[in-house]
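# Structural features, examined
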Amino acid sequence: MTPSRQTIEVWGALACFTRPELKVERFSYPVITPSAARGIFDAICVNRHEYRWQIVQIEMLEPPRFIALRRNEVKCKAPTDRTIGQWMSGSAPPQTILAGAGEEANTQRQTMALKNVRYRIHAEVRPWPGFEDRVVEMEAKFRRIAGSGKCFYQPYLGCREFPAFFRLLDHGETGPPPAQVDARIGWMLYDVFDLSRPGESTDRPFITLFEAEVKGGVLEVPPFESDRVLKPPKEGRHA
């Protein structure tokens, strides 16, 4: 069965879709990445063992507006799972990491973020083998949850401190036209997971890229299986 296109309108006051080549001093792409868009659908409803979301199109309803932010961050990493487990069990006292001004772990970093973003995002269910006959059920559950404004966890716009708000569009509802934006973005992050199979929390990153271009405020997203998506060689395979 052919999946139906599911569309949501997403907005927020701030967003940052970090370019991987500028990760320390964060600099955002001018438009949401397919990875971040898929994350919003996942936050609303997904069963990773039965299906994944395929983003097919992103419409920019507002032109990109950049804003420079300076934030307090920490220079150190979180401790090991063993140490955190000791803190949780009470066998060792927790050691806090303070990011305030003057603290040893504090560092100030620049972020070039976006403000007042609004997108219309189109996606389709991609069931894993063995679940192809449950597409209608998957879509109905998503529409029931999204239509009531619920989600499994708060979706966000690139960074967890930038919450995303959403509403489900009815089938055939068009809404306002996209902003008249044309931009050749170049190589853009597609996703950080291998979308060719069900993933696990212990999977290693699988970085994929695609050449993105916004025409008339619309970014067409190729399927993950497409040759237009640049993928690294998988483990155990040789070029």
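Residues numbered from 1 in each chain as written. Predicted model: local features only at pLDDT ≥ 70, side-chain atom pairs only at ≥ 80, totals over all residues. Heavy atoms only, no water.

## Concerning the pattern of salt bridges
All chains considered together, the criterion is met by 17 salt bridges. Each of the salt bridges in this network shares a partner with another, and the network as a whole consists of Glu-9, Arg-118, Arg-167 and Glu-173. (Salt bridge = Lys/Arg side-chain N within 4 Å of Asp/Glu carboxyl O.)

## Brief notes about the packing of aromatic side chains
With the rule as written, the count across this model stands at eight aromatic pairs. Consider the rings of Tyr-51 and Trp-53, whose centres lie 5.8 Å apart with planes at 85 degrees: the pair is edge-to-face. Tyr-51 gets classed as buried once you look at its relative accessible area, which sits at 3%. Taken together, the ring pairs connect Phe-41, Tyr-51, Trp-53 and Phe-142 into an aromatic cluster. For Lys-231, the ring lying beneath its charged end belongs to Phe-224, and the centroid distance is 5.2 Å. (Phe/Tyr/Trp six-rings, centres within 6.5 Å; stacked < 30°, edge-to-face > 60°. Buried < 20%, exposed > 50% of the residue type's maximum accessible area, 1.4 Å probe, protein only. Lys NZ or Arg CZ within 6 Å of the ring centre and 35° of its normal.)

## Here we look at helix H1 (residues 34–44)
Most of H1 is tucked away, with ten of its eleven residues classed as buried. Those residues of H1 that sit buried are Pro-34, Ser-35, Ala-36, Ala-37, Arg-38, Ile-40, Phe-41, Asp-42, Ala-43 and Ile-44. (Helix = DSSP H or I, 4+ residues; strand = E, 2+ residues; numbered from the N terminus.)

## Here's the deal with the nonpolar core
Generally speaking, a soluble globular protein has its nonpolar side chains buried in company with each other. Among the nonpolar cores identified, the biggest contains 52 residues, and Val-31, Ile-32, Ile-58, Tyr-119 and Ile-121 are the most heavily contacted of them. With seven residues, strand S5 (residues 106–127) is the largest single contributor of residues to this core. The contacts of Ile-32, once residues within four sequence positions are left out, are Phe-17, Ala-37, Ile-40, Ile-58, Tyr-119, Ile-121, Met-188 and Leu-219. (Core = buried A, V, L, I, M, F, W, Y, C linked by side-chain atoms within 4.5 Å. Contact = heavy atoms within 4.5 Å.)

## Things to note about a nonpolar patch on the surface
Taken together, Leu-22, Phe-27 and Phe-66 make up a surface patch of nonpolar side chains, about 240 Å² in accessible area. Overall, Leu-22 belongs to the partly exposed group, its relative accessible area being 38%. (Patch = residues over 30% accessible without salt bridge, like charges linked within 9 Å, V, L, I, M, F, W, Y side chains within 5 Å. Areas by Shrake-Rupley, 256 points an atom, 1.4 Å probe, with all protein chains shown as cover.)

## Considerations on the pairing of S5
Bridging between strand S1 (residues 6–15) and S5 involves nine bridges; their strand directions are antiparallel. Paired with Trp-11 across the strands is Arg-118, a residue of S5. Both strand S2 (residues 26–27) and S5 contribute to a ladder of two bridges, which runs parallel. Bridged to Phe-27 within S5 is Met-112. (Pairing = 2+ DSSP bridges.)

## With respect to empty space enclosed by the protein
By the definition in use, this model includes two cavities of 30 Å³ or more. Taken as a whole, the largest cavity spans an internal volume of roughly 50 Å³. Ranked by the residues each element gives to the lining of the largest cavity, the list is headed by S5, at six residues. For the lining of the largest cavity, the residue count by class is seven nonpolar, one polar and four charged. Its boundaries defined by the atoms lining it, the second largest cavity holds a volume of some 40 Å³. (1 Å grid on protein atoms, 1.4 Å probe; cavity = no way out; pocket = protein on both sides within 12 Å on 5 of 7 lines; lining within 4 Å. Points joined across faces, edges and corners; volume = space filled by probe spheres on them. Nonpolar A, V, L, I, M, F, W, Y, C, P; charged D, E, K, R; others polar.)

## Details of the layout of surface pockets
Roughly 1,300 Å³ of internal volume is contained in the largest pocket. For the lining of the largest pocket, the secondary-structure elements that each account for two or more residues are H1, strand S3 (51–60) and strand S7 (159–163). Counting residues per element, the lining of the largest pocket draws most heavily on H1, which supplies seven residues. Per-class residue counts for the lining of the largest pocket are 25 nonpolar, nine polar and 15 charged.

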